[in-house]
Amino acid sequence: NHSGSSSVTFNLKKMAASSKMFMATNDLMTELQKDSIKLDDDSERKVVRMILKLLEDKNGEVQNLAVKCLGPLVSKVKEYQVETIVDTLCTNMLSDKEQLRDISSIGLKTVIGELPPASSGSALAASVCKKITGRLTSAIAKQEDVSVQLEALDIMADMLCRQGGLLVNFHPSILSCLLPQLTSPRLAVRKRTIMALGHLVMSCGNLVFIDLIEHLLTELGRNDNMSTTRTYIQCTAAISRQAGHRIGEYLEKIIPLVVKFCNVDDDELREYCIQAFESFVRRCPKEVYPHVPTVISICLRYLTYDPNYNFDDEDEDDNAMDAEQNDEDYQGSDDEYSDDDDMSWKVRRAAAKCLDAVVSTRHEMLPEFYRSVSPALVCRFKEREENVKADVFHAYLSLLKQTRPAQSWLADPDAMEQGETPLTMLQSQVPMIVKALHKQLKEKSVKTRQCCFNMLTELVNVLPGALTQHIPVLIPGIIFSLNDKSSSSNLKIDALACLHVIMVTHPAHAFHAHVPALVPPVVACVGDPFYKITSEALLVTQQLVIRPLDNQSESSDSFDPSPYINDLFTCTIKRLKAADIDQEVKERAISCMGQIICNLGDRLPNELPGTLLIFLERLKNEITRLTTVKALTLIAGSPLKIDLRPVLPDAVPILASFLRKNQRALKLCTLAALDILPAHRGRSAVTPVMVDAVLAELPPLISESDMHVSQMALSFLSTLAVTHPSSLGQLSGGNILQQLITLVRSPLLQGGALAAMLDFYQALVATETPGLGYMDLLRMLTGPVYSQSAALPHKQAYCSIAKCVAALTRACPTEGPAVDVKNSRSTDSIRLLALLSLGEVGHHVDLSSQPELKTVILDAFSSSSEEVKSAASYALGSIAVGNLPEYLPFVLQEISSSKRQYLLLHSLKEIISSASVSGLKPYVELVWSLLLKHCECQEEGTRNVVAECLGKLTLIDPETLLPRLKGYLESGSSYARSSVVTAVKFTISDQPQPIDPLLKNCIGDFLKTLEDPDLNVRRVALVTFNSAAHNKPSLIRELLDSVLPQLYNETKVRKELIREVEMGPFKHTVDDGLDLRKAAFECMYTLLDSCLDRIDIFTFLNHVEDGLKDHYDIKMLTFLMLARLSSLCPSAVLQRLDRLVEPLRATCTTKVKANSVKQEFEKQDELKRSAMRAVVALLTIPEAEKSPLMSEFQSQISSNQELAAIFDSIQRDSSSANMESMDTS
């Protein structure tokens, strides 16, 4: 680009004439920033020389612009020019002119910031950094000029932070230059040296790290003078913060020293010691574990450390406090001591922050925290120093957040035995907390009151309803902040938000007494000019309106809302009418007004029509339509029977048009609204014309592409069948039925949508509409199967059709079931449908009056089609459920005598799963003894069915049967043992059950089979364990200490289980232990979610690390685990990062042999993608990329085209997934 060069040269000439200096430099800057610019060597030299000269210009503004030119310049010119720039800057940095020094150091930082990152593989960064390093170390070592030293340290820290990995060879010399600075007479130099060391330890090799730690330990041991000891403690804390995963192994030596220095009477030193503890607790979770009790006791001691202030126990007696105020001596003591030199608050603040760290990281100690830490923190809410107070509150918030029962395993597991759970302990401390907060709510300080509101909000989130008794004490405090003229808007918003949460989580009667006091300030806030306050206040208003006393049943507490209705309505309608208002306020005003009309509409006869017209306007507006639909649904469903007739003729066609819109939430809400409207105000309100408008929009909504929308549409049709049966006549020839039949055949139809479909068929048949009778509908449903045009693509479709047939048959008991199974012309698909329909009907209707049933079904057992056979076994089981005495003995007898045990056992399984407990009780012994005969069967399939039957039978009478199961563990047959252990799996479900306490006591005996000599028994034991860990962790949490070693034992590759099989000319290795290892790793993955707090994460990681080098299936599992671990316990993963990166790298760089089969290539691709997913997850840990091995691997990825492409696509996916999860949350 020649013109580029010439315009640059022209700018250089202009610069030489200094009058236009500033403008010219600016133009040059613009030119340099263009990507297109290419400079020839000559121009390069001139530009560089010119800019370096401008850096020495007398005019500060020109200097600043010249520095800005350096950025784009570095990436445009050749390497040797960059070195010229760096050389000049380094020389100028040592200049005695302060201004030149400053601008040069800014220049160096700019250059370092512009260098390409190490992972890009460019050599430029390395050569520049090496050059700078040499100059900086000498500048730091010469202790002549402090300001030069400070600049040099600053740049050194910056460079180590960005490019530390490139300087590995210089690390020893950097370290020896930095260490002496820790004893510099200037504290500023020490502080910056500590920062530089912090960045050094993130990337330095092990030897340098050991040198540094040894030096610190020696110096701390010598403890020459207080001032340097403080610095060394600070330095240790900084290293732990930046590289906690490396300092862990030295904690045994460090902690006793730090504890010792806590006892020295020096507040600054104490503060640094406690800060060091905090960083150990956060960064070295494993190694700090034995020291946590010591740390807690030190923190509790210094949390109240206030040597210069005398809190005479105020709590004892409030009158004593007033007396004290008049006491002369009390006044006098302030004179001798001025508050300025009091440093004790820093110690208290450090203690609060350290407790915060302990509470946030040591989940397993919660009960202990409630015993010791919680009362101590609550006592300190009265702290004098506002900064400390905020940290005390924050620590308590962390404690509450840890107690939140959001983690399912917290709410349930250990509660069964101890009686005292964290939640019950918190409950008992609520009065003490409220008492402490009550005083703080009236404080002048805004920050303190905000802390109080955050506390109360979090408290009711953890323990809904806990404040019921304390509402009278708290409401005045909240109103105080709402009325306070000096309150900031944020404080009002917090106060309103807190009030809202309390109202939602507490019973209404608790507030009745306070409504007169609450309404005026809340109404005032709705009228507040700041939209955020209005918006929060509308939420509170909506809660005030939701009165649970429409039914006036609690007459003792009958509450009359009439005095307040007018105020609430007036302030809301004002916001509802305003068009020029924030969208959130618009939406909340609509919801709030909807609530007012729903609950109090009967008291507003004159205002209603006008308000409904406003709703109609809002329905037409794209921004507010969704919220308005929800509000109308609320009003239509109101028990007060509000009259919507004035707006329905306009509203229903608008609603119908919404069903066309491409906005799923709007469709769903509209369908919900339409579902309620037909029943509204008798049936006259919605006219046939309106119904037709809606029906016209329905066909496209009934499809497998969105099951939830289909379900809502079906539910609306069922409602119409009841309210407007005449309108359904037009269905007979229409599209809607076509869509329904297509949907029935979809393999995706299940759950709620299937249930809605069955309801609709039953409702439709009941309307007795001509052309839509029982036989008509039956033909439509089964026609395609009979026309034999083609078998349906999915077995699922037959099941769905059968369920619809059964629903119709149940709705019309007079029609005989039209089923032909024995017809010889029937194809397999007709038989299949007929058998499934028989089963579905028989489940609810006693079919014993059909004499040929048994023979028909047994004939089907010998069909050539597998699907017909399994349908027959299902049918037999289901029919038996309809009449146990008739069919169950028949099934049992057949099992004993016949060859088709597998199918008959499936029928039995169906019976045991579906029949009522009382019906089965008399047969339990019979069935049990029969099953036992089969639990040693050779066939694994049969054994599994037997095990499922045994497990489900045990649920019927656990007291008797569970001990029996346990007895069979002694059986000599490994098949019997594996059946029994599998049976236990079927007794575990994710719902609470009567068997749970019994199971908890003996599941340990079943899990002892993890030591069974037989491979298969060990495998099923792992599967059962996995099921327990997943569905009901409380069963196994206490056993982990004994189970985990056995579990880990199964993750090892066993040489003796690997054998070679000859297949023709090829040798093929078979690993019999693979399934076992896979089961073990699956258990480990499950434990991450349910029992993380009971696992020693480092032992766990050792086995994950082995898995990363194992077989394909296991690698895939461990890659998933790594990703999960990166988010669950980043600090532990960080400590092991180097050992985990190596196997990932090996996987990504493995080449498949060129002549391999296609599957091999696909497998390797899958592995690479999964490994990359793990890498991306590891990189979400902030310090991960600072690891030398990781950054080397990253540069390997970016230099390899295939890997770089995979990496980028995964990173895009994960960032977009994060965005989505944020949207939905």
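All values reported here derive from a predicted model rather than from experimental measurement.

So, the overall build of the protein
No. 1: Along the backbone of the protein there are 63 helices and two strands.
No. 2: Here the protein holds 1225 residues, and the buried ones make up 52% of them.
No. 3: Sequence separation of at least 24 residues holds for 74% of the intrachain contacts in the protein that already meet a minimum separation of 6.
No. 4: Per element, the accessible surface of the protein, about 54100 Å² overall, is 52% carbon and sulfur.

Overview of the layout of surface pockets
No. 1: There is about 1100 Å³ of room inside the largest pocket.
No. 2: Together, 37 residues line the largest pocket, and Thr361, Leu1092, Asp1093, Leu1128 and Cys1129 are the ones closest to its centre.
No. 3: Residue assignment for the lining of the largest pocket shows that the elements contributing at least two residues are helix H14 (267-283), helix H15 (285-288), helix H19 (344-361), helix H55 (1040-1049), helix H56 (1074-1090), helix H57 (1097-1107), helix H58 (1112-1128) and helix H59 (1130-1135).
No. 4: Looking at the lining of the largest pocket, the element that brings in the most residues is H59, giving four residues.
No. 5: Here the lining of the largest pocket is built from residues that sort into 17 nonpolar, eight polar and twelve charged.
No. 6: Two domains each put at least three residues into the lining of the largest pocket: domain 2 (933-1095) and domain 3 (1099-1219).
No. 7: Estimates place the volume of the second largest pocket at around 820 Å³.
No. 8: In this structure, the second largest pocket is lined by 23 residues; those nearest its centre are His1111, Tyr1112, Ser1156, Glu1160 and Lys1163.
No. 9: Of all the elements in the fold, those that place two or more residues in the lining of the second largest pocket are strand S2 (1066-1071), H58, helix H60 (1137-1149) and helix H61 (1158-1178).

Notes on the packing of aromatic side chains
No. 1: A full pass over the atoms with the stated rule returns six aromatic pairs.
No. 2: Considering the side-chain rings of Phe209 and Tyr250, the 6.2 Å spacing of their centres and the 50° angle between planes classify their relative orientation as tilted. Note that Phe209 is positioned in helix H11 (residues 206-222) and Tyr250 in the loop between helix H12 (226-247) and helix H13 (251-262), a separation of 41 residues in sequence. Across the pair, exposure class does not vary: Phe209 and Tyr250 are buried alike.
No. 3: Three or more aromatic residues link up through ring pairs in this structure, and these residues are Phe381, Phe393 and Tyr396.
No. 4: The lysine or arginine in question, Arg246, covers the ring of Phe209, its NZ or CZ lying 4.7 Å from the ring centre.
No. 5: For the cation-ring pair, Arg625 lies above Phe658, with the distance from its terminal atom to the ring centre recorded as 5.5 Å.

Concerning the pattern of salt bridges
No. 1: All chains considered together, the criterion is met by 36 salt bridges.
No. 2: Here Asp154 and Arg192 are joined by a salt bridge, their closest N and O atoms 3.9 Å apart. Of the two residues, Asp154 sits in helix H8 (residues 146-163) while Arg192 sits in helix H10 (residues 187-203), which places them 38 residues apart along the sequence.
No. 3: Ionic pairing is found between Arg230 and Glu268, a salt bridge with its closest N-O pair at 3.4 Å. Of this pair, Arg230 sits in helix H12 while Glu268 sits in helix H14; the two residues are 38 residues apart in sequence, bridging distant segments of the chain.
No. 4: One network of salt bridges, in which partners are shared, links Asp306, Arg348, Arg380, Glu383 and Arg384.

Regarding H56
One turn of an α-helix holds 3.6 residues; hence residues three or four places apart share an orientation.
No. 1: With 17 residues, H56 extends 25 Å from end C-alpha to end C-alpha; this agrees with the ideal 24 Å at 1.5 Å per step.
No. 2: Burial of H56 is extensive: twelve of the 17 residues sit out of reach of the surface.
No. 3: All buried positions along H56 are accounted for by Leu1074, Leu1076, Arg1077, Ala1079, Ala1080, Phe1081, Cys1083, Met1084, Thr1086, Leu1087, Leu1088 and Ser1090.

Description of the nonpolar core
No. 1: Membership of the largest hydrophobic core comes to 405 residues, with the highest contact counts inside it found for Tyr396 and Ile1036.
No. 2: In contact with Ile1036, not counting residues within four places along its chain, are Ile1003, Leu1007, Phe1025, Ala1028, Ala1029, Leu1087 and Cys1091.

A look at the pairing of strand S1 (residues 1058-1063)
No. 1: Here S1 pairs with S2 via six bridges, running antiparallel. Residue pairing for S2: Arg1059 is matched across the bridge by Val1070.
No. 2: The hairpin formed by S1 and S2 contains two residues between the paired strands, and Gly1064 there has a positive phi angle of roughly 60°.

Some thoughts on the confidence of the model for the protein
Caution is warranted with low-pLDDT regions, since their predicted coordinates should not be read in detail.
No. 1: Of all residues in the protein, 89% have pLDDT values of 70 or greater, and the mean over the chain is 80.
No. 2: Mean pLDDT in the protein bottoms out at helix H18 (residues 328-336), which sits at 39, and peaks at helix H16 (residues 292-303), which reaches 93.
No. 3: Here residues 406-417 is a poorly scored stretch, pLDDT under 50, and it has 24 contacts once near neighbours within four places are set aside; other chains count.
No. 4: Here residues 820-824 scores under 50 on pLDDT; set against residues more than four positions off or in separate chains, the count is 13 contacts.

Things to note about helix H50 (residues 940-954)
No. 1: For H50, built from 15 residues, the straight-helix expectation of 21 Å at 1.5 Å per residue is met to within 8% by its first-to-last C-alpha distance of 21 Å.
No. 2: Of all 15 residues in H50, eleven are buried; the element is thus mostly enclosed.
No. 3: The set of residues buried in H50 consists of Thr942, Arg943, Val945, Val946, Ala947, Glu948, Cys949, Leu950, Gly951, Leu953 and Thr954.
No. 4: Buried residues belonging to H50 abut helix H47 (901-914), helix H49 (924-934), helix H51 (958-967), helix H52 (974-985) and helix H54 (1015-1031).

As for the state of the cysteines
No. 1: All told, the structure shown has zero disulfides when counted by the stated rule.
No. 2: There is no disulfide at Cys592, and the cysteine sulfur nearest it, in Cys571, is 7.0 Å away.
No. 3: The exposure class of Cys592 is buried, given its relative accessible area of 0%.

The rules we used
- Residues numbered from 1 in each chain as written.
- Predicted model: local features only at pLDDT ≥ 70, side-chain atom pairs only at ≥ 80, totals over all residues.
- Heavy atoms only, no water.
- Helix = DSSP H or I, 4+ residues; strand = E, 2+ residues; numbered from the N terminus.
- Buried < 20%, exposed > 50% of the residue type's maximum accessible area, 1.4 Å probe, protein only.
- Contact = heavy atoms within 4.5 Å.
- Areas by Shrake-Rupley, 256 points an atom, 1.4 Å probe, with all protein chains shown as cover.
- 1 Å grid on protein atoms, 1.4 Å probe; cavity = no way out; pocket = protein on both sides within 12 Å on 5 of 7 lines; lining within 4 Å.
- Points joined across faces, edges and corners; volume = space filled by probe spheres on them.
- Nonpolar A, V, L, I, M, F, W, Y, C, P; charged D, E, K, R; others polar.
- Domains from an automatic or database assignment.
- Phe/Tyr/Trp six-rings, centres within 6.5 Å; stacked < 30°, edge-to-face > 60°.
- Lys NZ or Arg CZ within 6 Å of the ring centre and 35° of its normal.
- Salt bridge = Lys/Arg side-chain N within 4 Å of Asp/Glu carboxyl O.
- Expected span 1.5 Å × (residues − 1).
- Core = buried A, V, L, I, M, F, W, Y, C linked by side-chain atoms within 4.5 Å.
- Pairing = 2+ DSSP bridges.
- pLDDT = per-residue confidence, 0-100.
- Disulfide = S-S within 2.5 Å.

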